[in-house]
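Next come the chains, spelled out residue by residue.
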Amino acid sequence: MKPRTHESAEGHVCGTAIYTDEQHPPQGLLSLWPVQSPHAHARILRIDAGDAARMPGVVRVLTAADVPGENDTGPILHDEPLIATDTVRFHGQAVAWVVAADEAQARAAAACVQVDYAPLAPCLSIADAIAREQFHLPPARVARGDAATALDLAPHRVCGEVTIGGQDHFYLETQASWVQLDADGLIQITSSTQHPTETQIIVARVLGIASNRVVCRCLRMGGGFGGKETQANPSAAIAALAAWTTGRPVRIKLSRQLDMQMTGKRHPFFARYEAGFDDDGVLHALRVALYADGGWSCDLSPPVLMRAMVHVDNAYFCPHVEIVGRIAKTNLASNTAFRGFGGPQGMLVGEDILARIAAELNLPAERVRERNFYRDDGDGARNETPYGQPVVDNHLPELWARLKRDSDFDARRRAIAQFNAAHRDVKRGIAITPVKFGISFNKTEYNQAGALVHIYTDGSIQLNHGGTEMGQGLHTKMLAVASRVLGVDAGTIHVMPTSTDKVPNTSATAASSGSDLNGQAVKAACETLRDRLVPVAASMLGCAPEHVRFADGCVSATDAQGGLAFAEVVHAAYNARISLSATGYYRTPGLSWDPKQGRGHPFYYFAFGAAVSEVEVCGFTGVHTLRRVDLLHDVGDSLAELIDRGQIEGGFVQGMGWLTCEELRWNDKGRLLTDAPSTYKIPTLGEVPHDFRVSLFRRSRAPSTNVIFHSKGVGEPPLMLALSVREALREAIGAFATTPRPVVLTSPATPEAVFVAIERARAVEPLAVAEALDV
């Protein structure tokens, strides 16, 4: 079977794939530029746009007073003004927007808008928020058993803290929207959005009109990673407001610097933990306090925090658990969804705890990890999460053993020990870490999808579904589903841009569920159409309906020679006045979640994987080289193997960037200093491992869940495989120590952070070095 390649691969490579800001410009197209606050927290005393309004090309200067509906874009809480009113709450927040004939004129005029402020004391970190008791929403809690008593009774006990940095999405295409009013007064939006329906809802809210007067479509995105799930809405809304007030089409495309300054990131986290365990390193009790930096508004922080809380366990069972989470309210850009949606931060905390236990007992970390795995021993005693969901179809022990064997882990660990003994200033480390990641939206009602499929009389097919394409290959997988059900070549099917007037009330393309949800909806629509064609084909073939077979573009009777062309049967159905258009709908079964109790069945299934990473670290600089990576990941029965391999490789590299080099820095005024590629380091080809081995896990038994054609979501879980890099760095740093001791490592583990950790391991007083490097 020929490998299924990305349906837009040629367009991506040749530059013919059209993105939002590359459309043919309509006549009279206007552009936007923001007037940004130079303060992280201040009262707005006066805005004078008189000089700016008189500048060449300027059509209008928009302020909060121009909003006809609700001046709010918050997806959960209505706490996020589109344009600041009386107070600014982060550095770079827009207090006004200039609408002009082109972007250069808008930018020049924005610099001439005069704004008077009364600065207020900003809150710029989780530590500040904790000290001030400044939080969004009450605490969240997930618990089982009696953690306090079990900690007191445990043979051993450790406590620690973990600081986890954020991450910029750094999608290739920044936030972009084009908006115009059509002849019927409808708002037509083309947006680089992962959630067209929510963009539609937010724009309608801001304009004070019904949703049926707003159409939002997404051509494709040049990357999203969660950063266009909610953060695309303000761009679309301000462009819609400008089009509404001027009556002309309007475009917005943020520059890279504006995008990094004005949009949220992966949430920074801070964690405190206590763990109780026995002589073998087996967990008895765990108590964790998690703090997420939500930024100035709530955005999606509550579900991000909750997913972090229910992924602290990762692949490990603990009988007594108490996890409490808070969302810090700071004067920074509002943090948001990012690939993994809090899961990576929670799992990092869990892996830090297991590594600390291994160090305390002087045991190999992989042995401690293995001993704590969820296992189905028949009685379910070690097979239920702290939130009450059984871990079914748990392939991890088998997957783990296979990866250790295939990566030659034990022999390489022995070779590394010999290398380290022979080298004083360069050390190597190797680590293997697991991934257990829940697949489904935390918010149960989002686990639904729709599709609309048309068959034309020539046998060609038009496919509409509610998911959005951001380079991840969702459209390619939907082609695979439709062609498989209808028995036709994928070349006869055309996937249309996602649009709210074709498929309404869509969920975001997120949570690694795009293929699961939309695939089932497409399958349902195609099955409806196929079922309508079966009686027609049976009559034409002279066989019973149950013997009709669709395959390879032909319709035939089972085991019969020859058959009919698919188009021939379709035309006969049209002549018989049978509808050749159908909708499909799907909702994920068996889901439940009680956020107040922190219990339920929030995930349809779990994705499993494991990674082995080997690093070499320079003791003089803290610079490391990733020598080899072995990944083994469970994607089920892949819908498109090349796409899945790409997701695994890309997810790992993005996770590696978050954990090792992507460092966000602000000054003491709340201004983001790392707002360009010159100051914010994403992984390049030089950071990709020299020896990069990716394998797909082949299951030895059938799954118990009915995921689309037994595939599995693959968008997010591979990112957490990169935790093996962090743990390998910990092993290498520990090798510099004269006596075994726990290694404290901040995240990201930049060369500076690694160097400080090495100095600590060598028992050299690190205080002066740490203060000098601000690590």
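Everything here concerns the structure above.
Report follows, based on the coordinates. (Residues numbered from 1 in each chain as written. Predicted model: local features only at pLDDT ≥ 70, side-chain atom pairs only at ≥ 80, totals over all residues. Heavy atoms only, no water.)

Observations regarding the nonpolar core
Move 1: Counting 148 residues, the largest nonpolar core has V288, L290, L533, F566 and F652 as the members making the most contacts within it.
Move 2: If you tally residues by element for this core, the top one is helix α15 (residues 514–541), at eleven residues.
Move 3: When near neighbours in sequence (up to four residues on either side) are disregarded, F652 contacts S613, L626, V629, L631, F692, P718, L719, L721, A722, S724 and V725. (Core = buried A, V, L, I, M, F, W, Y, C linked by side-chain atoms within 4.5 Å. Buried < 20%, exposed > 50% of the residue type's maximum accessible area, 1.4 Å probe, protein only. Helix = DSSP H or I, 4+ residues; strand = E, 2+ residues; numbered from the N terminus. Contact = heavy atoms within 4.5 Å.)

Concerning the sheet that holds strand β19 (residues 493–495)
Move 1: The sheet built from four strands is open, its strands ordered β19-β18-β17-β24 with mixed pairing. The open sheet has two edge strands, β19 and β24 (581–587), and neither has a second partner. Going across the sheet, the axis of each strand differs from the next one's by a mean of 20 degrees, ignoring polarity.
Move 2: Judged from the seven bridges that link them, strand β17 (residues 448–455) and β24 form a sheet pairing that is antiparallel. Residue pairing in the sheet places G450 in a bridge with Y585 of β24. (Pairing = 2+ DSSP bridges. Axes fitted to C-alpha atoms, helices over the stretch in contact; angles between N-to-C directions.)

Looking at helix α3 (residues 103–110)
The α-helix winds at 3.6 residues per turn, so residues separated by three or four positions along the chain end up facing the same way.
Move 1: A106, A109 and A110 are the residues of α3 that are buried. For α3, the angular spread of buried residues about the axis comes to 100 degrees, placing them on one side.
Move 2: Structurally, α3 contributes buried residues whose contacts are with β1 (30–36), α2 (50–53), β3 (58–62) and β5 (94–100).
Move 3: Two to three positions downstream of the cap, the backbone nitrogen of A104 sits 3.1 Å from a side-chain oxygen, assigning the N-cap of α3 to D102. (Arc of directions from axis to C-beta. Polar contact = N/O pair within 3.5 Å; in protein donor to acceptor, adjacent residues only side chain to side chain.)

Here's the deal with the sheet that holds strand β14 (residues 283–295)
Sheets are built from strands that pair by backbone hydrogen bonding, the pairs being arranged parallel or antiparallel.
Move 1: Spatially, five strands are ordered β7-β15-β14-β13-β8 in an open sheet, and the strand pairing comes out mixed. Looking at strand neighbours, the two that pair on one side only are β7 (135–144) and β8 (156–164), the edges of this open sheet. Strand after strand, the sheet turns through a mean of 10 degrees between neighbouring axes, direction not considered.
Move 2: Taken together, the seven bridges between β7 and strand β15 (residues 320–329) define a ladder with antiparallel strand orientation. Each residue of the ladder has a partner; that of R144, found in β15, is V321.
Move 3: The strands touched by helix α10 (residues 343–361) within the sheet are β8, β13 (269–277) and β14, with β8 carrying the most contacts at an inclination of about 140 degrees.

Things to note about a nonpolar patch on the surface
Move 1: Among the surface-exposed residues, I76, L77 and L137 lie close enough to one another that they form a single nonpolar patch of about 220 Å² accessible area.
Move 2: Within the secondary structure, I76 is located in the loop between β3 and β4 (87–88). (Patch = residues over 30% accessible without salt bridge, like charges linked within 9 Å, V, L, I, M, F, W, Y side chains within 5 Å. Areas by Shrake-Rupley, 256 points an atom, 1.4 Å probe, with all protein chains shown as cover. Salt bridge = Lys/Arg side-chain N within 4 Å of Asp/Glu carboxyl O.)

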